[in-house]
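# A look at the structure
Take a look at the letters that make up each chain.
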Amino acid sequence: MKKDDGTITGTPDLSGVLDFLKALSANNDRDWFNARKDEYLQAKAKVEAFTAWLVAGMLKFDKELALVDPRKCMYRIYRDIRFSNDKRPYKDFMGIFISKEGRHGACSGYYIHLQPGRSWYGAGVYGLPPEKQKKVRDGIYFQSETLKKILSSTAMKRVYGGKMDESARMKVAPKGYAKDFPDMDLLKYRYYFVSAQASDKQVSSAGFARKVLDDLEAAWPFNEFLNEALDF
């Protein structure tokens, strides 16, 4: 919660959320879910409160989130199975994307993924259309030293290892850039994201929200760099 003077109060409680998701993963069908709808709504309410607390705190370092509605940052638990061979009706995780354009925005933002044994959080851009992907690469091409300085900062090294997700790096460089560009490796990413893992114990602990807030603040310069490239 946030007082009128901007002070953040209270401590979000995510206890029980991972327990529900673990049970859902083992019983992913509508009858089971409908019989435990109240448990889901309790877990959802906790994640919504967690999100609202984060957004209130993030406004201290990212003013572009001023118009964000925390209730619209969570992704639906229901899976779109129309074109999928996997007909399980529900996701076994809860996802939150906080950005200036909302959870479906084509911009850089902050993501929190809550899933038993696989929770993580971070910042960046993912799934951009080709023209926006090129804007990011152009921004890096002309300001690679700035990006390297951001990634090598003490906070980024401490939280995210000082590097982007290596699984997103391609072997071949994208076309349209000078072959002798010294930082070509920075252009090879399919998406640009930094992330940190979180254990189940951490997620359920009283200090998790504060840790996530502090760690997302560390990623704010990275987030700002990407959005400036996209807005250019």
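Cut-offs and rules
Residues numbered from 1 in each chain as written. Predicted model: local features only at pLDDT ≥ 70, side-chain atom pairs only at ≥ 80, totals over all residues. Heavy atoms only, no water. Helix = DSSP H or I, 4+ residues; strand = E, 2+ residues; numbered from the N terminus. Buried < 20%, exposed > 50% of the residue type's maximum accessible area, 1.4 Å probe, protein only. Contact = heavy atoms within 4.5 Å. Areas by Shrake-Rupley, 256 points an atom, 1.4 Å probe, with all protein chains shown as cover. Lys, Arg positive; Asp, Glu negative; His and termini not counted. Charge placed at Lys NZ, Arg CZ, Asp CG, Glu CD. Pairing = 2+ DSSP bridges. pLDDT = per-residue confidence, 0-100. Arc of directions from axis to C-beta.

So, on to the overall build of the protein chain. Check the secondary structure of the protein chain and you find nine helices and four strands. Mapped from its N terminus to its C terminus, the protein chain presents α and β elements in the order α-α-α-β-β-β-α-α-α-β-α-α-α. Referenced to the eigenvectors of the C-alpha coordinate spread, the extents of the protein chain come out at roughly 60 × 50 × 30 Å. A burial count over the protein chain gives 46% of its 232 residues as buried. Within the protein chain, counting contacts between residues at least 6 apart in sequence, those at least 24 apart form 67% of the total. Within the structure as shown, the protein chain displays about 12,700 Å² of accessible surface, and the carbon and sulfur contribution to it stands at 51%. Taking the 39 positively charged and 31 negatively charged side chains of the protein chain as two groups, their mean positions are separated by 3 Å.

A few words now on the pairing of strand E4 (residues 192-198). The element E4 is largely enclosed, with a buried count of six among its seven residues. With seven bridges joining them, strand E3 (residues 119-125) and E4 adopt antiparallel strand pairing. By the bridge assignment for E4, Trp120 is matched with Gln197.

The predicted coordinates ought not to be read in detail in places where the model reports low pLDDT. In the predicted model, the protein chain carries a mean pLDDT of 94, and the fraction of residues at 70 or more is 96%. Below pLDDT 50 for its whole length, residues 1-7 participates in nine contacts with residues either more than four positions away or in separate chains.

Moving on: helix H5 (residues 144-151). Side chains of residues three or four places apart in an α-helix project in the same direction, reflecting 3.6 residues per turn. Restricting attention to buried positions, one finds in H5 the residues Ser144, Leu147, Ile150 and Leu151. Down the axis of H5, the sector holding all buried residues measures 120°, keeping them to one side. Away from its buried face by more than 90 degrees, H5 exposes Glu145 and Lys149.

Mapping Ile112 onto the fold places it in strand E2 (residues 109-114). Exposure remark for Ile112: the relative accessible area of 0% places this residue in the buried category. With residues near it in sequence (within four places) discarded, Ile112 still touches Phe50, Leu54, Met94, Gly95, Ile96, Ile98, Trp120, Tyr121, Val212 and Leu216.

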